[in-house]
Amino acid sequence: MSSINASFIENPYPQYTVWREQGRVVWSDDFFGGAWLVTHHADVEQLLRDTRFSSQRTGGWVNGVQDAQADTALTQRAFQRFFARAFLFLDAPDHPRLRQVLMPAFRPAQLAKIQGDIARWSLELVQQLPSQFDFMQAIARPLPALVIGHLMGIAPGMEPSFTRWAQGLAAFIGAAQPTARQLALAQQCLLEMVEYFERELLPAHAQLPEQGGDMVHDLVRAAQEGRIQNRTELLAQTAMLLFAGYETTRNLLGNGMLAFMQHRDQWELLCQQPELAVPAVRELLRYDSPVQWTGRRASADMVLHGQPIQRGDLLIALIGAANHDPQRYEQPTDLQLQRGQIGALSFGSGAHVCIGAGLTQMETQAMLATLARTCPHLQLAGTPVRDGNPVYRGLLSLPMALS
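What comes next concerns the included structure. Just so it is clear, the model here is predicted, and its values are computed rather than measured.

1. Things to note about the pattern of salt bridges
So, step 1. Counted under the stated rule, the structure contains 20 salt bridges.
So, step 2. For Arg199, the salt bridge identified is with Glu200, shortest N-O distance 3.0 Å.
So, step 3. Exposure remark for Glu200: the relative accessible area of 41% places this residue in the partly exposed category.
So, step 4. The network of salt bridges with shared partners includes Arg85, Asp94, Arg97 and Glu233.

2. Some words on the packing of helix 15 (residues 264-272) against helix 18 (residues 357-374)
So, step 1. Helix 18 packs onto helix 15 with a crossing angle of 85° between their chain directions and a minimal axis gap of 8 Å. Between helix 15 and helix 18, the angle falls in the class roughly perpendicular. Two secondary-structure elements touch here, helix 15 through Trp267, Leu270 and Cys271 and helix 18 through Leu368, Leu371 and Ala372.
So, step 2. When the residues that make up the contact of helix 15 with helix 18 are grouped by side-chain class, the tally is 6 nonpolar, no polar and no charged.

3. Notes on unusual backbone geometry
So, step 1. Along the chain, Ala92 connects to Pro93 via a cis peptide bond; the corresponding omega equals 5°.
So, step 2. In this fold, Pro93 is placed in the loop between helix 5 (73-84) and helix 6 (94-102).
So, step 3. Although it is not a glycine, His305 sits at a positive phi angle of roughly 50°.
So, step 4. Here His305 lies in the loop between strand 6 (302-304) and strand 7 (307-309).
So, step 5. Look at His305 and you get partly exposed, because its relative accessible area is 44%.

4. Remarks on helix 16 (residues 277-287)
So, step 1. Across the 11 residues that make up helix 16, a large majority, 10, are buried.
So, step 2. Of all the residues in helix 16, the buried ones are Ala277, Pro279, Ala280, Val281, Arg282, Glu283, Leu284, Leu285, Arg286 and Tyr287.
So, step 3. Taken together, the buried residues of helix 16 touch helix 2 (13-22), helix 14 (231-262), helix 15 and helix 18.

5. A look at the sheet that holds strand 12 (residues 399-401)
So, step 1. The sheet built from 3 strands is open, its strands ordered 4-12-9 with antiparallel pairing. With partners counted over all chains shown, the strands left at the sheet margins are strand 4 (132-134) and strand 9 (379-380), one partner each.
So, step 2. Of the pairings in the sheet, the one linking strand 4 to strand 12 comprises 3 bridges and is antiparallel in character. Note on strand 12: the bridge partner recorded for Asp134 is Pro399.

6. Re the packing of helix 11 (residues 159-173) against helix 14
So, step 1. Between helix 11 and helix 14, the least distance of the axes is 9 Å, while the angle of their chain directions is 85°. It follows from the interaxial angle that helix 11 and helix 14 lie roughly perpendicular. Listed contacts from helix 14 to Phe162, Thr163, Trp165, Ala166, Gln167, Leu169, Ala170 and Ile173 of helix 11 are Leu242, Phe243, Tyr246 and Glu247.
So, step 2. Classifying every residue of the contact of helix 11 with helix 14 gives 9 nonpolar, 2 polar and 1 charged.

7. A look at the sheet that holds strand 1 (residues 25-28)
So, step 1. Across the sheet, which stays open at both edges, the 5 strands sit in the order 1-2-8-5-3 with mixed pairing between neighbours. If you trace the sheet from one side to the other, it starts and ends with strand 1 and strand 3 (53-54), each paired once.
So, step 2. Note that strand 1 and strand 2 (residues 35-38) share 4 bridges and pair antiparallel. The residue of strand 2 that forms the bridge with Trp27 is Trp36.

How each quantity is defined
Residues numbered from 1 in each chain as written. Predicted model: local features only at pLDDT ≥ 70, side-chain atom pairs only at ≥ 80, totals over all residues. Heavy atoms only, no water. Salt bridge = Lys/Arg side-chain N within 4 Å of Asp/Glu carboxyl O. Buried < 20%, exposed > 50% of the residue type's maximum accessible area, 1.4 Å probe, protein only. Axes fitted to C-alpha atoms, helices over the stretch in contact; angles between N-to-C directions. Helix = DSSP H or I, 4+ residues; strand = E, 2+ residues; numbered from the N terminus. Parallel < 35°, antiparallel > 145°, perpendicular 65-115°, else oblique. Contact = heavy atoms within 4.5 Å. Nonpolar A, V, L, I, M, F, W, Y, C, P; charged D, E, K, R; others polar. Pairing = 2+ DSSP bridges.

Right under this line is the structure:
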């Protein structure tokens, strides 16, 4: 019987404790046909930093889906071509080369330029709230869509399309055992996204002056200068930026607000001291991470904590479990805004640490501070519904009321 069931989706942390107590490296058939699980904070951090473990894992992932139809082979090859070139799934030397291209847009000085816009958009969304509303629909989805759309130079009005694309990709990437249906939807979403970029976005940005002012312009400029090798690589980075820039922030906002509603004392503390929004986001990331795990493949035979690992074996770095490791955090199941400076592994570690971590935190801090100042009497108005994704942990709906 699989451990990845409805109970796990609702609350995976008890199962993480079971796996953690079973050993430092535990085999499970629940993940991609079989994988080694790593649950302790120190071990997860080591796995994410160790170059013996490769991020290049999309081939077996895509091609291993059962019951895929033969007539979709051409589409599947096209999907895999773009999917595999996203810098998230690349090792050195390609990963650092592409990260160097993308990094300038996420430096603190660059992000500071839109901090005022994010604060303004946050306030505008809050001011539009009716007395009862779905937090996901009214806040958690539109804010990151506005921000990433602005940063990428996407025309207003495209948000419904690219949020649909992001959700289709998330359902596939976030499945412990992807189905043919999930693969087909992810293929459709990624290829629609690529078609939009190639037809609408890239041509317009190719004509911009040297200082175009958005992420897509920077990618097009890098391709013209040879720092991005080909069209496939350019389109893959563009698609992954849009997906990651939306999905993680949406889930952090939703998980965070639910956590506050379940810990009223901490919500009241934030309302009394809105300046605690910065440590609040750090603690929310630890408490219920929007990304629960990531994978690596062993590039050589080795022994890990006494367990023989064979070249090609898949290892799952359970970030959510690491963030609740009692050897790292006192009372890990409690939400404590004033926990201190101990960070979480929610954005990864090492060479692949999330490039957009600062942006996600900035958006969430702005929205939480706005809500704390203007809507201190927020409360649940119904039963939250999880979206069923075990990796990109989030909510479909979060009914709330202003008082």
